[in-house]
Each structure stands twice: as C-alpha cells, then as structure tokens.
Amino acid sequence: MIELVDIAYVRSGAADLAGAVRFATEVVGLEHVDGPAGDTEPGVAHLRADGRHHCLAFVEGASGVIASAFTVADPGALALAETELETRGFTVRRGDADEARSRRVSEFVAFDDPFGNRIELVVGQQTLARPVRFGRGSGITEFGHLCLDAPDVAEAHRFWSTTFNVRASDWIGDAACLMRIDEVHHKLAVFQGERPGLCHVNFQVAELDDVFRNWHHLQEHDVVIEMGPGRHPQSGAVFLYFLGPEGLTYEYSYGVRRITDEAAWRPRYFDPAERGSIDMWLGPTQKPVTQPQLIPEGIHP
Ligand SMILES: O=C(O)c1cccc(O)c1O
Ligand SMILES: [Fe+2]
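Residues numbered from 1 in each chain as written. Chains lettered and ligands numbered in written order. Predicted model: local features only at pLDDT ≥ 70, side-chain atom pairs only at ≥ 80, totals over all residues.

Caption draft 1: Spatial organisation of the UniProt feature "domain: VOC" (unreviewed entry) in the protein chain. Mapped onto this structure's residue numbering, the UniProt feature "domain: VOC" (unreviewed entry) falls at residues 6-124 and 142-255. Spanning residues 142-255, this segment combines 21% helix with 47% strand, and its end C-alpha atoms are found 12 Å apart. (UniProt positions renumbered as here; feature names shortened; annotations may be inferred. Helix = DSSP H or I, 4+ residues; strand = E, 2+ residues; numbered from the N terminus.)

Structure, rendered in structure tokens:
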C-alpha cells in the first residue's frame, strides 16, 4: 500500500501559453510564480494558489493534461512506491534532474494508471514562504482537488483504493467516485469519461460570498459558466464550474466537508439519474453556449 500525503500539482499543455497564464491569473486569480520578477523557464509557467510553489504548470505545446501529481512522505517512501508499482506490473519511470527542477520537487516517478492517466508521485515539493500574490481577489485559499476521467469508475476506485491509501467518500452511481486521502471529503475524484483526461481542477475559496462574487466577475468577462452556482450534496460545497482556455475546466468551491470520524464514515451512493445528485439546488447541469461569438479570443478554446 502506497501512502499518498497530498495532491501536488497538475501539469498541462497550453498551445497559447500566454493566454492560459492570463486567464489563470486575471480571471481565476492564481499567482504566476515565474512572472516578470520570477526565475523564468522557457515554455513553462507555474501558477500558485497556496504554500506550494505551484499547483498548476502550463507547458507550451499541445493542449491537454500531461500529468497529475501526488506527494509521498520522503525519498524512502518514493523508492518503496516505485518497487510496489513495478511489482503490480506498472512501468515506472524516474524523472531526471531537469524534469524534477521544472516541477520544483526533489525527486519523482511517473507511471500511467490502468486507463492511461499519467500520474506522478513526488517528494520535496517546494514551499514558498512568502504569501501568495493573487492575480485577483477571488478568495482562493487552496488547491482543493483534481478530478480524472476514466471509462470505468468502479475499476478506477478499485485501482486507487487497493494501490494507495485512498478511500471512497461518496459515489454518484457509476458516474463518479469522490475519494479522500486525508480529512478533506475528496482530493481526488474520478468521473466516467470515454477517454482518460482531466475532468477539472478545484480551488477552495474563503467565503460563500467569493463564489457569488466570482460568478459575477466571470459573467462580466464572458467566461463560459459550465454549471452553478450550486451545491454538491456529497461534500456539501457550494460550487461553480467554468471553462478556461485549452479546454481546462476550473471549479471554485466553498465549504467542503471534512471527515473527522474516519471509522464512522460510510460512503453513500447517489443516483446520477436523480436531478439533485450533482446540484441539490437543481440548477441546469450545463449552461448552453448560445452565443459563442461573445466569447473573446483566448478565453475559450
Ligand atoms: O464537492 C463535491 O461533492 C463534488 C460532487 C460532484 C462533483 C464534483 O466536482 C465535486 O467537487
Ligand atoms: Fe469537483
């Protein structure tokens, strides 16, 4: 059993790197760590939400997720994880020094999950001591969770829960499984999708008001709201999903449940066919984009 400590980052390709960074800072509110004053690395931009050096890295190139990363405790744990994954039949690759530097970690290994999602396990993720210089006052407090796509959610849960210290917190039938690695209701989710991929990245905000302020801000800037504001019956969080450049879906949420009595928690099974199973406020599940011409260049892929 491999012990995951936390989520670390998502690394994603950006065909228009400057556009992806502009959206992440000016719209989402993240800090561009290696902006004009930072140490620049050609073709890579690091975005920060909390103490971590970054939780999102854009790499100039084809759009789409490159890897999703989790922290393990120390180099010994990483070495054990490497052996364990190889024993289970996975091809595991050690990152080289340049790759580790770009990720601001001391060491990492990479492998593909059974569905083809590239996963990286890291140690020594850099922490920045200075406060986050948020690009906008969106109220972000931290990188909340990442959500992967897989064609078979039950099989994905089986993989994650038997290989790692990952437990199901709640199910939405065979459409989704929300999984925890610590007290937070979920830091990893898997949604049913035809292909592997990144379903969304989530950022927690400080107040309920931030969700609604952000909603207005996004609307004023003609950002495509995919769903919300609404309330997830699973984590209890008030949420807002919106579409960024390069096809990346972001989620703000406030008020995610913490599971403090680990022994007492039983995962619940919500029915994806029930209208309130994703949004207990019964909002529309997808806002149709009726006027795509209103979406400015660089905001929508
Ligand atoms: O927070 C949740 O409970 C949740 C539920 C369904 C889908 C999500 O993305 C979530 O974050
Ligand atoms: Fe989510």
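Caption draft 2: Structural view of the nonpolar core. Leu56 and Cys177 are the most contacted members of the largest nonpolar core, which totals 77 residues. Residues from two domains meet in this core; each of domain 1 (6-123) and domain 2 (140-287) gives at least three. In contact with cysteine 177, not counting residues within four places along its chain, are Val153, Ala156, His157, Ala168, Trp171, Ala189 and Val190. (Core = buried A, V, L, I, M, F, W, Y, C linked by C-beta atoms within 7 Å. Buried ≥ 20, exposed ≤ 12 C-beta atoms within 10 Å, placed from the backbone. Domains from an automatic or database assignment. Contact = placed C-beta atoms within 7 Å.)

Caption draft 3: Layout of the domain arrangement of the protein chain. Split by domain assignment, the protein chain resolves into domain 1 (6-123) and domain 2 (140-287). In this structure, domain 1 and domain 2 have C-alpha centres spaced 21 Å apart. Tallying the contact residues gives 26 residues for domain 1 and 29 residues for domain 2. At the level of secondary structure, the elements contributing two or more residues to the side of domain 1 that touches domain 2 comprise β1 (6-14), α1 (17-28) and β5 (64-71). Per element, the largest residue contribution to the side of domain 1 that touches domain 2 is five residues, and it comes from α1.

Caption draft 4: Spotlight on the environment of leucine 4. Inspection of the secondary structure puts leucine 4 in the segment before β1. Residue leucine 4 is classed as buried on the basis of its 22 C-beta neighbours within 10 Å. In contact with leucine 4, not counting residues within four places along its chain, are Phe70, Thr71, Val72, Phe164, Asn165, Val166 and Ile181.

Caption draft 5: Region of interest: the site of ligand 1. Close to ligand 1 lie 13 residues; His232, Gln234, Ser235, Ala237 and Ile278 are nearest. Those elements giving two or more residues to the shell around ligand 1 turn out to be β11 (176-180) and β16 (249-254). When its residues are assigned to classes, the shell around ligand 1 shows seven nonpolar, five polar and one charged. (Near = placed C-beta within 6 Å. Nonpolar A, V, L, I, M, F, W, Y, C, P; charged D, E, K, R; others polar.)

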